[in-house]
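Working through the structure, step by step
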Amino acid sequence: MDFSLIGKEIKILRSALNLSQAELSEGICTQSQISKIEKGEVYPLANTLYYIAERLGVDINYFYDLATNPQLSYVQEVFSQVKELLNRSEFEEVYAIVESERKNPLFVNNRKNKQFLLSTEGVCVYHLKKNKREALRLLQSALDLTKMTSKLLGEREIEILNSMAIVHFETKNFEEALRIFNHAINCYMKIPYHHDPTIKTKILYNKAKTLTRMNKLEESNDTCKLAVKWCVKQNSMYGLGNLYYHIGYNFSLLLNNDIAIEYYNKSIQIFMIQENKVFVKHIKEKIDELSVLID
């Protein structure tokens, strides 16, 4: 285990956040201690490293993983690239990455990395080949890799559950999708510390869409509003525009067009801030359609 790598990574993260050594050390240790840690002259105590990690916005396990695996930065880069491509639904590019890393020892010999690769492959297999059975098999295999090591599912395992539920949703197996979404939310709320609050937002939004397809519109709106409260609590705009839009959509199905337009306008405000011109144009067209009905 190479602890000197921890010091180097602390310096990189601190610089990226434009923090001085004094700012990073405030309330944790002395500035000179940070300097020695970054130079690899001393190893930080566990509690010191915990507070440093918290201030830098990373999990303390990231540093331990880095010390154990010097090539972690490459793995993290693959993770980041895949997630960015998935957010853009560029599944062919993601699948090409999965294929190229399939025999890489960094992924084959590490359970968590292998889990990431398997779950990503499952998502791609569904979207590219529409093979529900194989997609669910891959996702379940990924889940099985680590779920027996702890009584609690971690955030990554919960994201896999979310992916499995989405496959069921898109193949119109709404009851099973709803069951898995509920299970995923329960598991997420049992985690003592949440590193990625957007996971709950995603699950609640997907659950709301499922409820809409089951014609449970009021329950769907309640779920969206719960997600909105979560976003506000976490000071996050992630998914907020979609949530407001979906509430508006539900109200339009309920033929309550005035309230539908109210929520559509809220979603437009979010999407304008995010400079999502496509969504803004689409929602304005929806508002125009409803306005004609009201008149």
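Each remark here, short or long, concerns the structure printed above.
Residues numbered from 1 in each chain as written. Predicted model: local features only at pLDDT ≥ 70, side-chain atom pairs only at ≥ 80, totals over all residues. Heavy atoms only, no water.

1. What to know about the nonpolar core
In terms of nonpolar packing, the biggest core is built from 72 residues, with Phe-107, Ile-158, Leu-161, Met-164, Ile-203, Leu-243 and Ile-283 touching the most fellow members. Among the elements that line this core, the one with the most residues is helix H12 (residues 174-190), at nine residues. Sequence-distant contacts of Ile-283, defined by excluding residues within four places in its chain, comprise Tyr-245, Tyr-264, Ser-267, Ile-268 and Phe-271. With 15 residues, the next largest nonpolar core counts Leu-24, Ala-53, Leu-56 and Phe-63 among its residues. (Core = buried A, V, L, I, M, F, W, Y, C linked by side-chain atoms within 4.5 Å. Buried < 20%, exposed > 50% of the residue type's maximum accessible area, 1.4 Å probe, protein only. Helix = DSSP H or I, 4+ residues; strand = E, 2+ residues; numbered from the N terminus. Contact = heavy atoms within 4.5 Å.)

2. Observations regarding the side chain of Glu-155
When you line up the elements, Glu-155 lands in helix H11 (residues 155-170). For Glu-155, which is buried and forms no salt bridge, the nearest opposite charge comes from Lys-83, at a distance of 8.2 Å. One polar contact links the side chain of Glu-155 to the main-chain amide nitrogen of His-195, over a distance of 2.8 Å. Those residues in contact with Glu-155, other than ones at most four positions away along the chain, are Tyr-188, Ile-191, Tyr-193, His-194, His-195, Asp-196 and Ile-199. (Lys, Arg positive; Asp, Glu negative; His and termini not counted. Salt bridge = Lys/Arg side-chain N within 4 Å of Asp/Glu carboxyl O. Polar contact = N/O pair within 3.5 Å; in protein donor to acceptor, adjacent residues only side chain to side chain.)

3. Points about the packing of H11 against helix H13 (residues 198-213)
Running from N to C, H11 and H13 point in directions that differ by 20°, and their axes come no closer than 11 Å. Overall, the two elements H11 and H13 adopt an arrangement that is roughly parallel. Here the hand of the crossing between H11 and H13 comes out left-handed. Side by side, H11 and H13 meet where Glu-155, Ile-158, Glu-159, Asn-162, Ile-166 and Phe-169 of the first sit next to Ile-199, Lys-202, Ile-203, Asn-206, Lys-209, Thr-210 and Arg-213 of the second. For the contact of H11 with H13, the per-class residue count stands at five nonpolar, three polar and five charged. (Axes fitted to C-alpha atoms, helices over the stretch in contact; angles between N-to-C directions. Parallel < 35°, antiparallel > 145°, perpendicular 65-115°, else oblique. Left-handed = near helix turned anticlockwise from the far one by under 90°. Nonpolar A, V, L, I, M, F, W, Y, C, P; charged D, E, K, R; others polar.)

4. Points about the pattern of salt bridges
Two side chains of opposite charge can pair, provided their charged atoms sit close to one another. Applying the stated criterion across every chain yields a total of nine salt bridges. In this structure, Arg-102 and Glu-121 form a salt bridge, with 3.1 Å as the shortest nitrogen-oxygen distance. Placement of Arg-102 in the loop between helix H7 (91-101) and helix H8 (105-108) and of Glu-121 in helix H9 (residues 111-129) is noted, with a sequence separation of 19 residues between them. Exposure remark for Arg-102: the relative accessible area of 33% places this residue in the partly exposed category. For Glu-121, a relative accessible area of 11% gives the class buried. For Lys-281, the salt bridge is made with Glu-285, and the minimal N-O distance between the two is 2.8 Å. Placement of both Lys-281 and Glu-285 in helix H17 (residues 277-294) is noted, with a separation of four residues, approximately one turn of the helix. Here the salt bridges do not stand alone but share partners, grouping Glu-84, Arg-88 and Glu-90 into one network.

Purely geometric numbers; function is a separate question.
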